[in-house]
Amino acid sequence: MAQREHTAAIEKANGTRPVNEDLRQIEGGPFSTVLADPPWRFMNRTGKVAPEHRRLSRYDTMTTAAIRAMPVSEVTTDNAHLYLWVPNALIGDGLRVLESWGFVYKSNIVWAKRRKDGGPDGRGVGFYFRNVTELILFGVKGSMRTLAPGRRQVNMIETRKREHSRKPDEQYDVIEACSPDPYLELFARYSREGWTSWGLEADDDVVPRGKQYAAYS
């Protein structure tokens, strides 16, 4: 009870309660595996790496505090897996989110973005290096190993880049082979058979949809 009251106080302070209550009411749980691609907010919001760049206006974003306040632990099983996408510049924030959601960091999966000829996709952006990779942080809640195929799975996905921020579909094959259902995808864009999908970017086959995360700062 004390933990729930503490969480409610945080949600009230940062304005995340409407989104979090919606997540608590999602059907199909509790979930053993979660995939999340949060709409991270960059500190430098004028650079082209930032999703909310004023001229590009790609999509609404959330502060790290708002993402951390999401009650993911409440909708997952005692033993669960988390696959958390995080930009290279925000790995520290990603680790804090993982911890706030009740998971312990164990490993990562690297997405290496390739050109048609198989070379690195040099269109990546960054303030220090031109990024041609993105990371999935893998965390465990409680105690649960990957399934048998996971012990043979290399921690790299090599595919061509598509539209802005869209992640490779190959991620689902890896997750489904390595982690148990039921599956939950947070901030989903598209529905997938066998998954419960939740998020702003989802198409008409995914419910709920239409939340304005930028309001929750």
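Only a predicted model underlies this, so the values are computations on that prediction, with no experimental measurement involved. (Residues numbered from 1 in each chain as written. Predicted model: local features only at pLDDT ≥ 70, side-chain atom pairs only at ≥ 80, totals over all residues. Heavy atoms only, no water.)

Engineer: How would you summarise the confidence of the model for the protein chain if you had to cite specific residues and measurements?
Structural biologist: Counting all residues, the mean pLDDT for the protein chain is 80, and 71% of those residues have values of 70 or more. Within the model, pLDDT remains below 50 along residues 9-14, and this stretch shows 11 contacts once partners closer than five positions in the same chain are excluded. Here residues 47-59 scores under 50 on pLDDT; set against residues more than four positions off or in separate chains, the count is 34 contacts. (pLDDT = per-residue confidence, 0-100. Contact = heavy atoms within 4.5 Å.)

Engineer: Quick one: what's the story with the sheet that holds strand β3 (residues 104-114), residue by residue and with numbers?
Structural biologist: Pairing between the strands of a sheet is mediated by backbone hydrogen bonds and can be parallel or antiparallel. Read from one edge to the other, the open sheet built from 7 strands follows the order β5-β3-β4-β2-β1-β6-β7, with strand pairing classed as mixed. Of all the strands in the sheet, the pair left with one neighbour each is β5 (156-160) and β7 (195-198). Adjacent strand axes in the sheet meet at a mean angle of 20 degrees when their direction is disregarded. In terms of strand pairing, β3 meets strand β4 (residues 133-141) through 8 bridges, oriented antiparallel. Bridge pairing in β4 links A112 to T133. (Pairing = 2+ DSSP bridges. Helix = DSSP H or I, 4+ residues; strand = E, 2+ residues; numbered from the N terminus. Axes fitted to C-alpha atoms, helices over the stretch in contact; angles between N-to-C directions.)

Engineer: Describe a nonpolar patch on the surface, with residues and values.
Structural biologist: On the surface, a cluster of nonpolar side chains totalling about 490 Å² of accessible area is made up of F127, Y128 and F129. Mapped onto the elements, F127 comes out in the loop between β3 and β4. (Patch = residues over 30% accessible without salt bridge, like charges linked within 9 Å, V, L, I, M, F, W, Y side chains within 5 Å. Areas by Shrake-Rupley, 256 points an atom, 1.4 Å probe, with all protein chains shown as cover. Salt bridge = Lys/Arg side-chain N within 4 Å of Asp/Glu carboxyl O.)

Engineer: Could you give an account of the nonpolar core, naming the residues involved and the relevant values?
Structural biologist: Core analysis: the largest hydrophobic core is formed by 30 residues, its most contacted members being M70, V72, L84, W101, L184, L186 and W198. Of all the secondary-structure elements, those providing two or more residues to this core are α2 (17-24), β1 (31-36), α3 (64-68), β2 (76-86), α4 (91-100), β4 and β6 (183-186). Among the elements that make up this core, the one with the highest residue count is β2 (4 residues). Other than its neighbours up to four places away in sequence, V72 contacts L23, V34, W101, F103 and L186. Core analysis: the second largest hydrophobic core is formed by 15 residues, W111, V174, C178 and Y183 among them. (Core = buried A, V, L, I, M, F, W, Y, C linked by side-chain atoms within 4.5 Å. Buried < 20%, exposed > 50% of the residue type's maximum accessible area, 1.4 Å probe, protein only.)

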